[in-house]
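In case you want the letters, here they are:
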Amino acid sequence: SAMTRGGLLPALVLLPLLSLPLGRVGAGAPWEQSAWHCSFSGACECDFRPDLSGLECDLAINLVGQHLARELVMKGLKAFVHNHNPEKPLVFSFHGWTGTGKTYVSSLVIHYLFHSGSHSSYVHHFSPVLHFPHAEQIEQYKDNLKNWIQGNLTRCGRSLFLFDEMDKMHPGLIDVIIPFLGPSWVVFGTNYRKAIFIFISNAGGEQINQMTLNLWRARKDREEISFKDLEASILEAVFENPQSGFWKSGIIEQQLIDYLVPFLPLKQHHVKQCVRNELASRGLQPQPEVVQAVAESIPYFPEEEKVFSLTGCKTVASRVPFFL
Ligand SMILES: Nc1ncnc2c1ncn2[C@@H]1O[C@H](COP(=O)(O)OP(=O)(O)OP(=O)(O)O)[C@@H](O)[C@H]1O
Ligand SMILES: [Mg+2]
């Protein structure tokens, strides 16, 4: 109604979204009436169309070697997504070595939660190198980031914020979002507790690799890995490391991360599976010679035993063409 619209104008002016140089600014005609209807009635879920069985199936088929990630992501989402009145937003933090599937899993999650997937105007992807490049502008970034999140949560409570490459984030920057991660924020009918946050970083990767290696040396199954041990050592590693994005962070201190998700280093047979996936996505047969050759072309660590891929599956897609 006209009255509602008039009443909202001051709020609009307060949202300095354009000051943040994000690719998706202004996409999707943000200030439509439907968006306001969403945030005030709490009934509409914007672009949120979760298909958790689709996600579960896709993860089971395509994600290799990451039983913990698969279980934790599904567990977190199942409990949260169908809850219309969650107590706090859902906060994931993905940790692990390069090429182990962190970005991949986050894109699958987005694909199965939002109708328009990564194109959804309710999915916000932050990359420190792109969005927060200059250390001397950190105070400005803090303001921008806070306003950006607040503005977008006002627009739609069912928003997802993805912070990739947390380890490149300036120490202290991420703590401005602490108020949005806790339980207390319901302002003007906006339910800040319906949001999803995903942090991604390599921090903790060495610890995860070392534990997985120890297990392998003890001839134990990697699925026997103790999540509790991993969790404690990842938390310690990120909290103590100035290059983790979570250095001395209140997010860790206040235990605002609901699911700490470790990604284990990948072995050669996992890499082979990635090669088969890549061949299939190109419409090709899983030729065993190609699979073998690509997997053997990748470096493995540690030096003596050569158990885990140094680059996970990251270079598989670019290597495959050389072996066809
Ligand atoms: N566990 C996995 N299962 C299946 N495919 C994988 C897995 N890990 C990586 N891949 C493949 O390798 C590509 C690169 O992985 P991804 O970008 O997710 O790595 P990452 O963990 O985000 O690494 P980085 O820390 O360097 O960003 C993916 O797009 C996917 O095709
Ligand atoms: Mg990544």
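Residues numbered from 1 in each chain as written. Chains lettered and ligands numbered in written order. Predicted model: local features only at pLDDT ≥ 70, side-chain atom pairs only at ≥ 80, totals over all residues.

Time to look at the overall build of the chain. When helices and strands are counted, the chain shows 14 helices and nine strands. Counting over 324 residues, the chain shows a buried share of 39%. Partitioning the intrachain contacts of the chain with sequence separation of at least 6 by distance along the chain shows that 79% fall at a separation of at least 24. (Helix = DSSP H or I, 4+ residues; strand = E, 2+ residues; numbered from the N terminus. Buried ≥ 20, exposed ≤ 12 C-beta atoms within 10 Å, placed from the backbone. Contact = placed C-beta atoms within 7 Å.)

Here we come to the UniProt feature "binding site: ATP" (unreviewed entry) in the chain. UniProt's entry tags Gly96, Trp97, Thr98, Gly99, Thr100, Gly101, Lys102 and Thr103 with the feature "binding site: ATP" (unreviewed entry), counted in the numbering of this structure. Mapped onto the fold, glycine 96 is located in strand S1 (residues 90–96). If near-sequence neighbours (up to four positions away) are discounted, glycine 96 is found in contact with Lys102, Gly205, Ile208, Pro262, Phe263 and Leu264. For glycine 101, the location among the structural elements is in the loop between S1 and helix H5 (102–113). (UniProt positions renumbered as here; feature names shortened; annotations may be inferred.)

Axis separation between helix H9 (residues 205–217) and helix H10 (residues 227–240) bottoms out at 8 Å; the angle between their running directions is 150°. Here H10 runs roughly antiparallel to H9, going by the angle between their axes. As H9 packs across H10, the resulting crossing turns out to be right-handed. Along its contact with H9, which presents Gln207, Ile208 and Met211, the element H10 presents Asp229, Leu230, Ser233, Ile234 and Ala237. Among the residues forming the contact of H9 with H10, the class breakdown is five nonpolar, two polar and one charged. (Axes fitted to C-alpha atoms, helices over the stretch in contact; angles between N-to-C directions. Parallel < 35°, antiparallel > 145°, perpendicular 65-115°, else oblique. Left-handed = near helix turned anticlockwise from the far one by under 90°. Nonpolar A, V, L, I, M, F, W, Y, C, P; charged D, E, K, R; others polar.)

Attention shifts here to the sheet that holds strand S3 (residues 160–163). The five strands are arranged S2-S3-S6-S1-S7 in an open sheet whose pairing can be described as parallel. Each having just a single partner strand, strand S2 (123–126) and strand S7 (259–263) make up the two edges of the open sheet. Taking each pair of neighbouring strands and ignoring which way they run, the sheet shows an average axis angle of 15°. Where S1 and S7 come together, five bridges link them in parallel fashion. Note on S7: the bridge partner recorded for histidine 95 is proline 262. Lying on the sheet, H10 is in contact with S1 and S7; it crosses S7 at an angle near 95°. (Pairing = 2+ DSSP bridges.)

Turning our attention to the pairing of S3. The side chains of a regular strand alternate between the sheet's two faces. Here S3 shows no split at all, with Leu160 and Leu162 on one side and Phe161 and Phe163 on the other all buried. Bridge analysis of S2 against S3 gives four bridges, and the strand direction is parallel. If you follow histidine 125 over to S3, its bridge partner there is leucine 162.

It is worth spelling out the site of ligand 1 at this point. Taken together, 20 residues form the shell around ligand 1, and within it Thr98, Gly101, Lys102, Thr103 and Tyr104 come nearest. The element contributing the most residues to the shell around ligand 1 is H5, with three residues. (Near = placed C-beta within 6 Å.)

On the secondary structure map, serine 309 appears in strand S9 (residues 308–309). Taking C-alpha positions, serine 309 is 9.4 Å from threonine 98, a pair spaced 211 residues apart along the chain.

On to the nonpolar core, then. Judged by nonpolar contacts, the single largest core of 66 residues is most densely connected at Phe94, Leu160, Phe161, Phe197, Ile198 and Val261. With six residues, H5 is the single largest residue contributor to this core. With residues up to four places along the chain from it excluded, the contact list for phenylalanine 94 reads Lys102, Val105, Ser106, Ile198, Phe199, Ile200, Val261 and Phe263. (Core = buried A, V, L, I, M, F, W, Y, C linked by C-beta atoms within 7 Å.)

Our next topic: unusual backbone geometry. Geometrically, the link from phenylalanine 301 to proline 302 is a cis peptide bond, its omega value of -10° lying close to zero. One can find proline 302 in the loop between strand S8 (300–301) and S9.

Glancing now at the packing of helix H3 (residues 52–62) against helix H4 (residues 67–81). At a closest axis distance of 11 Å, the pairing of H3 and H4 adopts a crossing angle of 180°. When the axis of H3 is compared with that of H4, the two are roughly antiparallel. For the pair formed by H3 and H4, the contact residues are Leu52, Glu56 and Leu59 on the first element and Arg70, Met74, Leu77, Lys78 and Val81 on the second. Of the residues assigned to the contact of H3 with H4, the class counts are five nonpolar, no polar and three charged.

With 15 residues, H4 should cover 21 Å at 1.5 Å per step; its first-to-last C-alpha distance of 21 Å lies within 8% of that length. Those residues of H4 not exposed but buried are Leu68, Ala69, Val73, Leu77 and Val81. On an axial view of H4, the arc spanned by its buried residues comes to 150°, and they lie on one face. (Expected span 1.5 Å × (residues − 1). Arc of directions from axis to C-beta.)

In this section: H5. Side chains that are three or four residues apart share a direction in an α-helix, a result of its 3.6 residues per turn. Between its terminal C-alpha atoms H5 stretches 17 Å, which fits the 16 Å expected from twelve residues at 1.5 Å a residue. Taken together, the buried positions of H5 are occupied by Lys102, Tyr104, Val105, Ser106, Val109, Ile110, Tyr112 and Leu113.

You can see proline 262 is positioned in strand S7. According to the C-beta neighbour criterion, proline 262 is buried, with 25 such atoms within 10 Å. Here the alpha-carbon distance between proline 262 and lysine 102, two residues 160 residues apart in the chain, equals 9.1 Å. Look past the residues within four positions of proline 262 in its chain and what remains in contact with it is Leu68, His95, Gly96, Ile208, Leu230 and Ile234.

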